[in-house]
Amino acid sequence: MEPGARLQQEIRAMVTECAVCDRDARDAQQQRGIELDLGDIAHPEDAFDTDLLWHRRERHRERLLERINQWIATTQSAGG
């Protein structure tokens, strides 16, 4: 599996498992103008509050954004 595909799969797994990571990833997509193909992932409306109870948000956000940055760098180097 290519590094970009592997990173995207890891990002999707994080987003699928946690509504908080989902929101952070969608915010990153919007802010950075990227497309992580998260359209088919959905969480119940109250999942954000439930996931936030046990969630170490800053640690997760740091890990998620690190993976997104790696994915961006990988896709840019592959395309250019």
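Scanning the chain from N- to C-terminus turns up four helices and zero strands. Reading the chain from its N terminus to its C terminus gives the helix and strand order α-α-α-α. Counting only C-alpha atoms and orienting by the principal axes, one finds that the chain spans roughly 40 × 25 × 25 Å. Split into buried and exposed, the 80 residues of the chain put 35% on the buried side. Sequence-distant contacts, at least 24 apart, represent 76% of the contacts inside the chain between residues at least 6 apart. Of the roughly 5,300 Å² of accessible surface on the chain, 46% is carried by carbon and sulfur atoms. On the chain, the mean spot of the 11 positive side-chain charges and the mean spot of the 16 negative ones are 5 Å from each other.

A rise of 1.5 Å per residue sets the reference length of helix α1 (residues 3-17), with its 15 residues, at 21 Å; its end C-alpha atoms lie 21 Å apart and thus fit the reference within 8%. Considered for burial, the residues of α1 that qualify are Gly4, Leu7, Ile11, Met14 and Val15. Looking down the long axis of α1, one finds its buried residues gathered within 95° of arc, a one-sided arrangement.

Among the secondary structure elements, Asp24 is positioned in helix α2 (residues 19-32). Overall, Asp24 belongs to the buried group, its relative accessible area being 5%.

Moving on to the nonpolar core. Membership of the largest hydrophobic core comes to 20 residues, with the highest contact counts inside it found for Ile11, Leu36, Leu64, Ile68 and Trp71. At the level of secondary structure, the elements contributing two or more residues to this core comprise α1, α2, α3 (47-54) and α4 (57-79). Apart from the residues lying within four places of it in its own chain, the contact partners of Ile68 are Ile11, Ala25, Ala28, Ile34 and Leu36.

Conventions adopted
Per chain, the residues get numbers from 1 upward, laid out in the order the sequence is written. Per-residue local features are limited, in this predicted model, to residues with pLDDT of at least 70; the limit for side-chain atom pairs, both in listing and counting, is 80 or more; totals at the level of whole chains, interfaces and linings are taken over all residues. Where side-chain values are given, they derive from all heavy atoms of the structure, hydrogens and water being excluded. Runs of H or I in DSSP of at least four residues are treated as helices and runs of E of at least two as strands, each being numbered from the N terminus. Buried, partly exposed and exposed residues are distinguished by accessible area as a fraction of the type maximum, computed with a 1.4 Å probe on protein chains only: under 20%, between the cut-offs, and over 50%, respectively. The contact criterion used is simple: two residues touch if any of their non-hydrogen atoms lie within 4.5 Å. Values of accessible area rely on a 1.4 Å probe in the Shrake-Rupley scheme; residue burial ignores everything except the protein chains shown. When charges are counted, neither His nor the chain ends are considered; positive counts come from Lys and Arg and negative counts from Asp and Glu. Every charge is mapped onto a representative atom, which is NZ of Lys, CZ of Arg, CG of Asp or CD of Glu. Helix span, as expected, comes to 1.5 Å for every residue beyond the first. Starting at the helix axis, one direction is taken to each C-beta atom, and the arc is that of these directions. The definition of a nonpolar core used throughout is a set of buried Ala, Val, Leu, Ile, Met, Phe, Trp, Tyr and Cys residues joined through side-chain atoms within 4.5 Å.

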